[in-house]
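Chain residues, written in single-letter form:
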Amino acid sequence: MATIKLDTLDKQILRMVSADARIPFLEIARATGVSGAAIHQRVQKLTTMGILRGSQFVIAPEKIGYETCAYIGLNLKNPEDFDHVVEELQKIPEVTECHYTTGNFDMFIKIYAHNNHHLLTIIHDQLQPLGLSSSETLISFHSAFERQLPINDLMDAED
């Protein structure tokens, strides 16, 4: 996939919205020295290009009763069933990410459960029937940090 060329204004906008998705366009306009309409157009352009994929509030899973976070590597009995398995995984609300991978697994998923017993139930009742040849579960004790990509580094490297 080709890298999209971004100008300085695009990069400034990305840096500001990645720090605070609720920042008013007029505040970005003042900081960058362009009109609010220009910022609105640029954000629309970045969204249309697929660089920005919306904004959202981030819910803390543990605050709403999901105390167990696990990463599970999945190997399928029939790798040609990838599309079907992905469709079925999308029906399991506790599965929040799914990646095709290289290495020891066909797929790698991130899952939240209320507790270890709930995780076991999901694995046994919902994952195993998908046609797995094997799986490996890693439970996360705590996320040390999460962050967006470093827009500042992008700006420094290409400006």
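This one's a predicted model, so the numbers in the text were calculated from it and none came from an experiment.

Enquirer: Help me understand the nonpolar core in this model?
Expert: Note on soluble globular proteins: their nonpolar side chains tend to be buried together. If you look at the biggest cluster of nonpolar residues, it comprises 19 residues, and the most contacted ones within it are Ile-72, Leu-74, Leu-89, Ile-109, Ile-111, Leu-119 and Leu-127. Of all elements in the fold, only β1 (68-76), α4 (82-90), β3 (107-113) and α5 (116-127) reach the threshold of two or more residues within this core. The residues contacting Ile-109, other than those within four sequence positions of it, are Ala-70, Tyr-71, Ile-72, Leu-74, Leu-89, Val-95, Glu-97, Cys-98 and Leu-127. Counting 14 residues, the second-largest nonpolar core is a separate cluster that includes Ile-13, Met-16, Val-43 and Leu-52.

Enquirer: Explanation requested: the packing of helix α1 (residues 8-19) against helix α2 (residues 25-32) in the structure shown.
Expert: Think of two packed helices as two axes; the pair is described by the angle between the axes and how far apart they sit. Contact geometry for α1 and α2: axes closest at 11 Å, N-to-C directions at 130°. By the angle between their directions, the pair α1 and α2 is classed as oblique. α2 is crossed by α1, and the crossing has right-handed handedness. Judged by residue contacts, Leu-9, Gln-12, Ile-13, Met-16 and Val-17 of α1 engage Glu-27, Ile-28, Ala-31 and Thr-32 from α2. Residues belonging to the contact of α1 with α2 are distributed by class as follows: six nonpolar, two polar and one charged.

Enquirer: Looking at this model, I keep getting lost on the pairing of strand β2 (residues 95-100). Mind explaining?
Expert: Bridging between β2 and β3 involves five bridges; their strand directions are antiparallel. Opposite Val-95, over in β3, you have Ile-111 as the bridge partner.

Enquirer: Where do I start with the packing of α1 against helix α3 (residues 36-48) in this structure?
Expert: Between α1 and α3, the least distance of the axes is 11 Å, while the angle of their chain directions is 85°. Relative to α3, the element α1 is oriented roughly perpendicular. Of the residues in α3, those in contact with Leu-9, Asp-10, Ile-13 and Leu-14 of α1 are Ile-39, Arg-42, Val-43, Lys-45 and Leu-46. Its residues assigned to classes, the contact of α1 with α3 shows six nonpolar, no polar and three charged.

Enquirer: Mind showing me how you'd approach α4 here?
Expert: Because an α-helix completes one turn every 3.6 residues, residues spaced three or four positions apart along the sequence face the same direction. Residues Val-85, Val-86 and Leu-89 constitute the buried set of α4. Looking down the long axis of α4, one finds its buried residues gathered within 100° of arc, a one-sided arrangement. Across α4 from its buried face, at more than 90 degrees, point the exposed residues Asp-83 and Gln-90.

About the criteria used
- Residues numbered from 1 in each chain as written.
- Predicted model: local features only at pLDDT ≥ 70, side-chain atom pairs only at ≥ 80, totals over all residues.
- Heavy atoms only, no water.
- Core = buried A, V, L, I, M, F, W, Y, C linked by side-chain atoms within 4.5 Å.
- Buried < 20%, exposed > 50% of the residue type's maximum accessible area, 1.4 Å probe, protein only.
- Helix = DSSP H or I, 4+ residues; strand = E, 2+ residues; numbered from the N terminus.
- Contact = heavy atoms within 4.5 Å.
- Axes fitted to C-alpha atoms, helices over the stretch in contact; angles between N-to-C directions.
- Parallel < 35°, antiparallel > 145°, perpendicular 65-115°, else oblique.
- Left-handed = near helix turned anticlockwise from the far one by under 90°.
- Nonpolar A, V, L, I, M, F, W, Y, C, P; charged D, E, K, R; others polar.
- Pairing = 2+ DSSP bridges.
- Arc of directions from axis to C-beta.

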